[in-house]
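One-letter residues, chain by chain:
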Amino acid sequence: MALVNADRIKSELNTFDIDCGDDILDKMLEQCLCNRLQGDEIVLEWVAFSTTKGGLKLSLNTLEQFEHEVLNKKYKAKPSIAKREESHNRTRDINSLHDLIKAEEEEESLLDSYSTPAKGSQKRALTTPEHPQSKRSAALIASPSLLLCSASFFPSVTPSQKYSQRGGRGEVVSTFGAVQGTRWAGRKGQTNGVQLELLEGSEDSLINNYKYMFQRLRDVRNVLTEKIEELGEELRTNFNIEEFSPVSLPAQDSVIVLGQVCCDSNGKLNSQSVLLEAGPEQGGRQVPVDLSELRDYSLFPGQVVVMEGMNTSGKKFVASKLFEGVPLPFYSTPIKQEMDMDIPDVPEQLMFLVMVACGPYTPSDGLTFDPLVDLINVIARDRPDVCILLGPFVDSKHEQIEKSLVTETFDAIFSRCVGSIVEGTKGVGCRLVFVPSQRDVHHHFIYPQPPFILPDLSKDDAKRMTLVPDPCTLLIDGVTFGLTSTDILFHMGAEEISCASGSDRFSRILKHMLTQRNYYPLYPPVEEVNMDYEKFQGYGQMPLSPDVLIVPSELRFFIKDVIGCVCVNPGRLTKGQVGGTYGRLLIQRSAPSIDGKRVSPCVAGQVVKI
């Protein structure tokens with residue numbers, strides 16, 4: 001089979017007076033390689049298809065329709081000539097493609113040994129003396145789209161028709177900050193790259209697996225008690241409160257009490273079912289709370305609060321004031337005395353692009369990774385400095401996984417998916433951050449969740465990959481990022497009650513997270529969250545208020561400022577059978593001021609349809 005290239009396809013198209021751009025040529029070249037077609041063959045197939053459809057115009061959308069209606073049905077089941085018997089029922093993955101290339105190169109070398117070299121012929125350029133690389137294999141390996149094409153995962157699966165026919169690709173659906181005229185591109189290697197680390201440090205970070213399901217109720221009680229006491233002390237200091245009174249002690253005067261909000265039954269919290277549970281130092285009792293005198297409030301189970309009011313009988317506390325929670329301070333960049341503030345290129349050095357995407361990475365009607373292919377193309381185009389990818393990568397809620405219709409192990413699917421992402425972004429130069437999800441069927445079903453383990457990574461790939469737990473706090477070039485893949489917005493939104501004017505539910509929930517100082521303040525957690533409270537006490541707390549908080553959710557996407565923190569819900573890359581959204585943030589970290597005060601980073605953000 002002769003080498004297929006874009007020039008050959010363009011020449012064949014010119015024969016029929018068909019004009020096209022480079023993106024269309026690249027797509028047709030990919031279809032030739034995936035379906036083992038020559039340039040003239042695919043052009044003839046297209047002309048026949050276009051004619052039967054009344055003269056369709058050649059475009060990326062019509063090419064996808066052509067691939068779905070013609071190529072997938074006519075050529076996907078066709079086995080290779082060299083391995084017809086062996087490859088009939090074999091998954092056509094990246095390794096089998098490489099084996100096929102190697103076999104064809106050996107066949108070409110054998111034929112060349114029996115022929116006389118033509119005049120002026122030249123030897124192939126060798127990548128290394130030990131491992132020669134042909135033009136065909138170089139062209140194949142260099143194509144991220146081919147590495148991630150659906151056929152390389154599940155050749156027998158038909159691509160999602162609804163996903164391929166989606167509209168609004170690349171449409172910006174939410175913005176934040178000064179985005180007018182913003183150039184959404186990374187630094188492209190202008191500096192030595194971004195500095196990225198887990199803020200807690202290796203000794204305090206969850207970097208290894210741990211044993212769970214050994215939790216005792218006494219240990220859970222101790223963790224909750226310590227949370228009440230720690231937050232209570234911060235609030236007492238901030239509001240200059242002398243002391244807290246026991247919640248169940250009868251008093252005719254107004255008193256200030258500390259406790260944790262809970263519900264008087266197993267049902268949903270409402271204004272008539274609020275209880276305040278005190279810590280051991282305040283008697284450890286539960287008392288019903290009357291909220292009728294509060295004009296504004298927002299409460300949820302597990303919230304540590306300080307209230308002022310009266311409890312004349314000792315049986316019901318009538319609240320008249322609810323004290324606002326206090327967030328942690330932000331990260332302060334150490335001042336470097338040797339920094340020259342007059343250097344003109346300092347702003348460029350302090351600016352970087354972060355892309356954020358959350359799974360699932362496949363549509364619900366099939367395990368095809370077309371959305372992931374499109375995301376890789378976006379990464380290759382925008383060349384972000386950091387790409388944060390949150391799970392699920394192998395979604396436990398996917399219909400085919402729930403019904404056990406897959407023919408490979410979950411670990412094999414995940415390893416191939418991550419390997420393809422790494423290969424497809426090699427030339428981009430961005431740092432990859434992988435965050436697990438409790439919906440990842442192959443990973444530990446516990447919260448906090450340890451990071452993925454990828455032992456087969458090469459040394460170079462490991463340098464640009466960061467495997468982090470859920471949740472975690474990252475420091476990226478002096479800007480702090482709080483990350484969690486657990487849908488805390490959805491969980492808390494179903495439990496929160498409020499009587500507040502001028503605020504939306506998302507802002508209230510995010511404010512609760514920041515003032516409660518942890519990534520999952522809801523107690524008890526929802527049934528699908530298996531909480532290990534001893535580990536949560538060590539690894540689920542916020543060490544400080546993050547500059548950017550990433551909270552992907554099934555709820556509507558947004559980017560907004562909440563008490564100085566830029567909070568982002570990028571949405572999910574797929575929503576059922578159609579495409580979803582991803583987020584991108586252009587951040588300019590401000591240099592330390594002369595007087596040493598913190599200057600907040602400048603953030604511009606967008607949520608974009610895939």
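Keep in mind that this is a model prediction, so the values were computed, not measured. Note that residues are indexed from 1 along each chain, following the sequence as it is written. Thresholds applied to this predicted model are a pLDDT of at least 70 for local features of residues and 80 or more for the giving and counting of side-chain atom pairs; totals over whole chains, interfaces and linings are not thresholded and use all residues. To obtain the side-chain values, all non-hydrogen atoms of the structure were included, while hydrogens and water were left out.

Caption draft 1: Representation of helix α11 (residues 370-382) in the model. Comment: elements are numbered from the N terminus, with helices defined as DSSP H or I runs of at least four residues and strands as E runs of at least two. The span expected for a helix works out to 1.5 Å for each residue beyond the first. With 13 residues, α11 ought to run about 18 Å at 1.5 Å a step, and its terminal C-alpha atoms sit 19 Å apart, in line with that. Taken as a whole, α11 has its buried residues at Asp370, Pro371, Leu372, Val373, Leu375, Ile376, Val378, Ile379 and Asp382. Once α11 ends, the next one or two residues include arginine 383, with phi positive near 50°. Relative accessibility under 20% of the residue-type maximum defines a buried residue, over 50% an exposed one, and the middle range a partly exposed one, all with a 1.4 Å probe and only protein chains included.

Caption draft 2: View of the environment of aspartate 411. With respect to the element layout, aspartate 411 can be found in helix α13 (residues 410-424). The exposure class of aspartate 411 is partly exposed, given its relative accessible area of 46%. Note: C-alpha distance between aspartate 411 and valine 394 (17 residues apart in sequence) is 8.7 Å.

Caption draft 3: Main features of the sheet that holds strand β3 (residues 251-263). Strand order around the closed barrel formed by five strands is β3-β4-β5-β8-β7, with mixed pairing between neighbours. Pairwise comparison of adjacent strand axes, ignoring direction, gives a mean angle of 55° for this sheet. In this sheet, strand β4 (residues 274-277) lies alongside β3 in antiparallel orientation, the contact comprising four bridges. Each residue of the ladder has a partner; that of cysteine 263, found in β4, is valine 274. Paired strands, as defined in this entry, are two strands with at least two bridges between them according to DSSP. Each axis is a line fitted through C-alpha atoms, taken for helices only over the stretch in contact, and angles between the N-to-C directions span 0 to 180 degrees.

Caption draft 4: Examining the side chain of histidine 491 more closely. Here histidine 491 lies in helix α15 (residues 488-493). Polar side-chain contacts of histidine 491 include one of 3.1 Å to the side chain of tyrosine 520. Any two residues whose heavy atoms approach within 4.5 Å are treated as being in contact. Not counting residues within four places of it along the chain, the set of residues in contact with histidine 491 comprises Thr486, Tyr520, Leu522, Val526, Glu528 and Val529. Whenever two N or O atoms come within 3.5 Å, that pair is a polar contact, provided that in protein one can donate a hydrogen and the other can accept it, and provided that, for residues adjacent in sequence, both atoms are side-chain atoms.

Caption draft 5: Representation of the pattern of salt bridges. Whenever a carboxyl oxygen of Asp or Glu lies within 4 Å of a side-chain nitrogen of Lys or Arg, that contact is scored as a salt bridge. Taken as a whole, this structure holds 23 salt bridges when the rule is applied. Taking the shortest distance from any N to any O, the salt bridge between glutamate 69 and lysine 53 comes out at 3.2 Å. With glutamate 69 in helix α4 (residues 60-74) and lysine 53 in the loop between α3 (39-52) and α4, this residue pair connects regions lying 16 residues apart in the sequence. For glutamate 69, a relative accessible area of 28% puts it in the partly exposed group. Sharing partners across several salt bridges, the network here consists of Asp395, Arg439, Glu554, Arg572 and Lys575.

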